[in-house]
Amino acid sequence: MSVLAAADQPTLEDFGTDVWWIVLIKIVGIFGVLVLMTLFAIVFERKVVARMQQRIGPNRVGPRGYLQSLADGLKLAFKEDIMPALADKPVYFLAPVIATIPAFLAFSVIPLGPTVSIFGERTPLQLIDSPIGVLIVLACSAMGVYGIVLGGWASGSTYPLLGSLRSAAQMISYEIAMGLSIVAVFLYAGSMSTSEIVAAQADGTQLSFFGLEFTGPSWFAVLLPVSFVIYVIAVVGETNRAPFDLPEAESELVGGFHTEYSSLKFALFFLAEYINIVTVSALAATLFLGGWRAPWPISIWDGANTGWWPLLWFFAKVVVALFVFVWLRGTLPRLRYDQFMRFGWKVLVPVGLVWILVVATLRAVARETDLDAGQVAVFVGVPIALVLLGGLLLASRMRNRDTRVAAREAAAGGPAPAGPQVLDPRGRDRAPGGYPVPPMDLVVPPSPRLRSRESVGAGTVVGTGRRSSSTTPEETDDV
Amino acid sequence: MNVLMAAAADTEVVIGTGETIVFWVLGPVALAGALGMVLSRNAVHSALWLVLTMLSLGVFYVVQEAPFLGAAQIIVYTGAIMILFLFVLMLVGRESSDSVVETLRGQRVAALVLGIGFAGLVGAGIARATEDLPVAGLAAVQGTEGGAAAGNVEAIAGVLYGRFVLAFEVTGALLIVAAVGALLLTHTEREPGAGRSQKERSRARFLTDRPQTLPGPGVYARANSVAAPGRLPDGGLAPSSFATGIEPQRVDELPRTGSTGAEREGLPHAGGTDAALGTIGGDSTGPVPGSGEGAPR
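Residues numbered from 1 in each chain as written. Chains lettered and ligands numbered in written order. Predicted model: local features only at pLDDT ≥ 70, side-chain atom pairs only at ≥ 80, totals over all residues.

**Focus: the overall build of chain A**
Link 1 in the chain: A count of helices and strands for chain A gives 16 helices and four strands.
Link 2 in the chain: Out of the 479 residues in chain A, the part that is buried amounts to 37%.
Link 3 in the chain: Long-range pairs, those at least 24 residues apart, make up 71% of the contacts in chain A between residues at least 6 apart in sequence. (Helix = DSSP H or I, 4+ residues; strand = E, 2+ residues; numbered from the N terminus. Buried ≥ 20, exposed ≤ 12 C-beta atoms within 10 Å, placed from the backbone. Contact = placed C-beta atoms within 7 Å.)

Below is the structure:
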């Protein structure tokens, strides 16, 4: 794959030639960025989820509460470190370390920017790259599973063991889906190196559509939408995040694999989880969202992809991906375990395999007909995708037809539809559908705190818990 | 070995300082992992030692110009297969340490002697076979990234999908047959339609007189046993909360005044603090204890 980008685009030959102090700066920089991103991500998540739940969120420590996670981290470090009596001590001690080290390691192959000048040295903003760059991230996430699995096992307690068993099965299953989704990117970019994948997303294909010249999309999220969707779903499972947070499901397993952990060991697990989120977000940006390259309206400006500016675009993309993680957590309930595994194995993996077949076919067609891959994708892939989406839409409407008809009739005030679902009322507290309902003539007794002795009758809104100004006239003389 | 190789082929292959350091650091580590795997009593510890060895091997591959092989080693063997091992071992239980009792007399000595002999044979055989082979180095064979033959990934792909494509596909078919066979053997056949879906079960439950769950056992200040029955609002025992196969037992109550349902039922009103400390299980089927005899109020 030829590198279409400008001189600032690093190639594989640019790596491994840095001076030692540049390497040291990069290592310390990545470490600092990851720790800072963790601190930021925790506050960000709490604030965004709070907004989604109509709360304010942390707002006490630091300016607008942004130092809350720092305070929590410091507090965590001074907590008592508990070693359970039944714990397998060496493994219990090692597990959080095993979880954390690969999490840091994985970020070393993420390209943060083009070649820049650090104290006069020209060097790419990436610690290391290799022909197998993305596989290093996969290998690190495979190693990270050990931390969770061993932590649960070594705790010597039931809930952590259940959590670690769950996470072992879950992370292996979703790693397969994740790997399959990335294969299509490898096929398109012609490389497994992260910097070359970014380079492959530099320029869109020049398309001529009935004499109309325009530049096609270059991001793999647009060119390979199925891969992108599978990747996004799979990494949520891979990082044990809601709605796939079954290894640490609070309502089922207390805390899951880290139930017995406290103090710094627990902090390490926490750190590893958030670094993993940041890493998969960064990998999503690298593989599918153009990496450090500026998004379209900004990329018109020539200087957008040079110097230190790309750092800004890159981290903006990462924060957007983080927001999606938080959004999912704030929106979706947790899946049941069997449904979750069925979804991974029976939906994600087969769809990924079929998609690889499609992409490989398109590549082969492009090679045979001597067309550009982007042209084939647009002229063959887009119509097929439209037909497929239309078919799916029709199928789903056909399937939900009964429900829609019933809903329309119910909305029009018609009688309840006849069918097996309509049951005779059994007892006076049953609605026509057979489901128990509260009595419609319920009279709520008057609250003793209310001055006025009027009872709140049926049909009145009893109270929403929100204090509005309309109820204050009665309350003011109480004070 | 490394030094020997370097001496034998010092004209073609130069082994860098970094590679030498990595070898002498990770070689003992890999060996320690192998020994630890054999010697540790706990099965999970054995698996962990094996993980250490496999990781070291993966790094060796990377150092010796085969990065793809190294990544595959770490992802597939260390990541997936060993996790599956651990999965099974954890299901077996953490108390499953090896017994130190010898069941066969002299088994350990025999195993030691035979093992050393086997290792010596294999090692000597390999050493003899590779003694006079010219050392080319992987970089010379597969080329480096950006060269004429471009690197490890392409070299492996060429060999795998070119020269050994038949073996590759046969192996793949074998693995699929094995997986399908395992599924077939462990699969329990059920009549289609025999199992009811969650929706059907939910609907059926709402058609009964009890759409909600059965009441749990009573949880009182002095008893949370499953044998302690739950109470109805009027103080009576809830028959639907009786545990299957366990005789329901009365729970000692704190002294209580007022005309509650419990009092109407004649439940014990133990007097005094000490008497009130009784627990469940004294007499389960007998008459309700207490009722005033010898317990001044």
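**Things to note about the environment of Leu 183 of chain B**
Link 1 in the chain: Locating Leu 183 of chain B in the fold gives a position in helix H8 (residues 165-186).
Link 2 in the chain: Sequence-wise, Leu 183 of chain B and Leu 207 of chain B are 24 residues apart; in three dimensions their C-alpha atoms are separated by 38 Å.

**Considering the interface of chain B and chain A**
Link 1 in the chain: Counting residues at the interface gives 23 residues for chain B and 28 residues for chain A.
Link 2 in the chain: Ranked by residue count, the leading element in the side of chain B that touches chain A is helix H4 (residues 67-92) of chain B, at 12 residues.

**Observations regarding the environment of Gln 9 of chain A**
Residue and element names in this part refer to chain A.
Link 1 in the chain: Structurally, Gln 9 is set in the segment before helix H1 (20-52).
Link 2 in the chain: In this structure Gln 9 comes out as buried when scored by C-beta crowding, with 20 C-beta atoms within 10 Å.
Link 3 in the chain: It is 50 Å that separates the C-alpha atoms of Gln 9 and Arg 399, two residues lying 390 residues apart in sequence.

**With respect to the packing of helix H4 (residues 133-154) of chain A against helix H5 (residues 158-189) of chain A**
Residues and elements named next belong to chain A.
Link 1 in the chain: Where H4 meets H5, the axes come as close as 7 Å, and the angle between the chain directions of the two elements is 170 degrees. Relative to H5, H4 is oriented roughly antiparallel. Between H4 and H5, the contacting residues are Val 134, Leu 138, Ser 141, Ala 142, Val 145, Ile 148, Val 149, Gly 151, Gly 152 and Trp 153 on the first element and Pro 160, Leu 161, Gly 163, Ser 164, Ser 167, Ala 168, Met 171, Glu 175, Gly 179 and Ile 182 on the second. (Axes fitted to C-alpha atoms, helices over the stretch in contact; angles between N-to-C directions. Parallel < 35°, antiparallel > 145°, perpendicular 65-115°, else oblique.)

**Topic: the confidence of the model for chain A**
Residue and element names in this part refer to chain A.
Link 1 in the chain: Of the residues in chain A, 82% have a pLDDT of 70 or more, and the chain-wide mean is 79.
Link 2 in the chain: A low-confidence stretch, residues 1-5 stays under pLDDT 50, and its non-local contacts, those more than four residues away or across chains, total 14 contacts.
Link 3 in the chain: In the predicted structure, residues 420-426 sits below a pLDDT of 50 and forms 10 contacts with residues beyond four places in sequence or in another chain. (pLDDT = per-residue confidence, 0-100.)

**Examining unusual backbone geometry**
Note: most residues except glycine have negative phi, and most peptide bonds are trans.
Residues and elements named next belong to chain A.
Link 1 in the chain: Positive phi, normally seen in glycine, also occurs at Gln 54, with a value near 60 degrees.
Link 2 in the chain: With respect to the helices, strands and loops of the structure, Gln 54 is situated in the loop between H1 and helix H2 (68-77).
Link 3 in the chain: Gln 54 gets classed as exposed once you count the C-beta atoms within 10 Å, which come to 7.
Link 4 in the chain: Phi at Ser 263 is positive, roughly 55 degrees, even though this residue is not glycine.
Link 5 in the chain: Relative to the helices and strands, Ser 263 is located in helix H10 (residues 263-288).

**Things to note about the pairing of strand S1 (residues 113-118) of chain A**
Link 1 in the chain: By the bridge criterion, five bridges tie S1 of chain A to strand S2 (residues 121-125) of chain A in an arrangement that is antiparallel. Within S2 of chain A, the position partnered with Thr 115 of chain A by the bridge is Pro 124 of chain A. (Pairing = 2+ DSSP bridges.)

**A few points about the packing of H4 of chain A against H4 of chain B**
Link 1 in the chain: Relative orientation of the contacting elements H4 of chain A and H4 of chain B amounts to 20 degrees, with a least axis distance of 9 Å. Here H4 of chain B runs roughly parallel to H4 of chain A, going by the angle between their axes. Between H4 of chain A and H4 of chain B lies a crossing of left-handed hand. Contact with H4 of chain A, carried on its side by Leu 135, Ile 136, Leu 138, Ala 139, Ala 142, Met 143, Val 145, Val 149 and Trp 153 of chain A, involves Ala 71, Ile 74, Ile 75, Thr 78, Gly 79, Ala 80, Ile 83, Leu 86 and Met 90 of chain B of H4 of chain B and no other residues of that element. (Left-handed = near helix turned anticlockwise from the far one by under 90°.)

**Quick word on the environment of Val 153 of chain B**
Link 1 in the chain: Note that Val 153 of chain B resides in helix H7 (residues 151-163).
Link 2 in the chain: Each C-alpha atom, one on Val 153 of chain B and one on Gln 142 of chain B, is 9.1 Å from the other, the two residues being 11 residues apart in sequence.
Link 3 in the chain: Contact partners of Val 153 of chain B, with chain neighbours within four places excluded, come to Pro 131, Ile 132 and Met 192 of chain A together with Phe 68 of chain B.

**A few points about the confidence of the model for chain B**
All names here are of chain B.
Link 1 in the chain: Predicted confidence across chain B gives a mean pLDDT of 75, with 73% of residues reaching 70 or more.
Link 2 in the chain: Counting contacts from residues 259-264, a segment whose pLDDT is below 50, to residues more than four positions away or on other chains yields 11 contacts.
Link 3 in the chain: A low-confidence stretch, residues 281-297 stays under pLDDT 50, and its non-local contacts, those more than four residues away or across chains, total 24 contacts.
Link 4 in the chain: On the interface metric, ipTM, the complex scores 0.72, and its pTM is 0.71.

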